[in-house]
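# Coordinate analysis (summary)
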Amino acid sequence: EVEGVEVACRWPDTAANPGAFFHVTAGDLTLRGCTFSLAGRPRSTVALAVQSSQAPGARCRVSHCRLRGQGLSGLDVSAPAAESLIEGSLLTGAGPVVRVQASEKPTSLRIVRSTVATAGELINLAPLPGERRPGLNVLAWDSLLARTGA
């Protein structure tokens, strides 16, 4: 669990590989009351969190956080039947806000009382390796979801 962290940085324009503020393998992540600001225009988007697991049920919670910057994306989840919650938060960036690799047993994404604005796609959904059809359940409640730019 991470609480009350404020990060402002300039991501190198020369970095060719995607980056992330957090990378969690086979575990859960909770961010509360944090701010992440990114300056610059990286070649690849920088994710707030990358979460990967072979076991079902990995959880990621983003609560009362602010994420802003042109090169930012939100969550990158690669786990069967994962649960992600974005609650009371402001997320702006290049998108996708959530990138999901899922199995047929659906991943759950809940966006509650949040504002999400992206220049790209809101959700990018793909199957996990060896899976045919990814499953995703989305609940957006009392939230504003917007695409910015032309």
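Structure: above.
Here the residue numbering is sequential within each chain, running from 1 through the sequence in written order. Reporting of local features is limited, given that this is a predicted model, to residues whose pLDDT is at least 70; pairs of side-chain atoms are given and counted only at 80 or more, and all residues count toward the totals for whole chains, interfaces and linings. With hydrogens and water excluded, all non-hydrogen atoms of the structure serve as input to the side-chain values.

### What about the overall build of the protein chain?
The helix and strand labels rest on DSSP assignments: H or I over at least four residues marks a helix, E over at least two residues marks a strand, and numbering proceeds from the N terminus. Of regular secondary structure, the protein chain possesses 0 helices and 17 strands. Projected onto the principal axes, the alpha-carbon positions of the protein chain cover approximately 35 × 35 × 35 Å. Counting every position in the protein chain, which comprises 150 residues, the buried fraction comes to 44%. Should any heavy atoms of two residues lie within 4.5 Å, those residues are considered in contact. The contacts of the protein chain with a sequence gap of at least 6 include a subset with a gap of at least 24, amounting to 78%. Here the open area of atoms and residues is found with the Shrake-Rupley method and a 1.4 Å probe, where only the protein chains shown may cover a residue. On the protein chain, roughly 7800 Å² of surface is accessible, and the fraction owed to carbon and sulfur atoms is 49%. Positive residues here are Lys and Arg, negative ones are Asp and Glu, while His and the chain termini are left out of the count. Taken as the charge centre is NZ of Lys, CZ of Arg, CG of Asp or CD of Glu, depending on the residue. A gap of 4 Å separates the mean positions of the 15 positive and 12 negative side-chain charges of the protein chain. Only protein chains enter the calculation, and the probe is 1.4 Å; a residue is then buried if its accessible area is under 20% of its type maximum, exposed if over 50%, and partly exposed in between.

### Comments concerning the sheet that holds strand β9 (residues 72-78)
Strand order across the open sheet formed by 5 strands is β3-β6-β9-β12-β15, with parallel pairing between neighbours. Either end of the sheet is taken by a strand with one partner, and the two such strands are β3 (19-25) and β15 (123-127). The average angle at which neighbouring strand axes cross in this sheet is 10°, direction not considered. Strand pairing is assigned whenever DSSP detects at least two bridges linking the two strands. Only C-alpha atoms enter the line fits that serve as axes; for helices the fit covers just the stretch in contact. Angles between N-to-C directions range over 0 to 180 degrees.

### Observations regarding the packing of aromatic side chains
Each Phe, Tyr or Trp ring (for Trp, its six-membered ring) is paired with any other whose centre lies within 6.5 Å, and the angle between the two planes then decides the class: stacked below 30 degrees, edge-to-face above 60, tilted in between. Applying the stated rule across the entire model yields 3 aromatic pairs. An angle of 70° between the planes, with centres 6.3 Å apart, marks the rings of tryptophan 11 and phenylalanine 21 as edge-to-face. With tryptophan 11 in the loop between β2 (6-10) and β3 and phenylalanine 21 in strand β3, this residue pair connects regions lying 10 residues apart in the sequence. The exposure class assigned to tryptophan 11 is buried, which follows from its relative accessible area of 19%. In this structure an aromatic cluster arises from ring pairing among Trp11, Phe21, Phe22 and Phe36.

### Focus: the sheet that holds strand β16 (residues 136-141)
Judged by pairing direction, the sheet is parallel, and its 6 strands sit side by side in the order β1-β4-β7-β10-β13-β16 without closing on themselves. Strands with a single pairing partner mark the edges of an open sheet, and in this sheet they are β1 (2-3) and β16. Pairing of strand β4 (residues 29-32) with strand β7 (residues 59-63), which is carried by 4 bridges, proceeds in the parallel orientation. Looking at β7, one finds that leucine 29 is bridged to cysteine 60.

### Let's talk about unusual backbone geometry
Cis rather than trans, the peptide bond between glycine 95 and proline 96 has omega equal to -5°. Relative to the helices and strands, proline 96 resides in the loop between β11 (90-93) and β12 (98-102). Unlike most non-glycine residues, histidine 64 shows phi in positive territory, near 55°. Within the element layout of this structure, histidine 64 appears in the loop between β7 and β8 (66-68). A relative accessible area of 47% means that histidine 64 is categorised as partly exposed.

### What to know about the side chain of serine 89
Residue placement: serine 89 occurs in the loop between β10 (83-87) and β11. For serine 89, a relative accessible area of 5% puts it in the buried group. Polar contacts involving the side chain of serine 89 include one to the main-chain carbonyl oxygen of glutamate 87, which spans 2.9 Å. In contact with serine 89, other than residues within four places in its own chain, are Val62, Ser63, His64, Cys65, Arg113, Ser114 and Thr115. Polar contact is defined as a pair of N or O atoms within 3.5 Å, subject to the rule that within protein one atom must be able to donate a hydrogen and the other to accept it, and that residues adjacent in sequence are counted only when both atoms are side-chain atoms.

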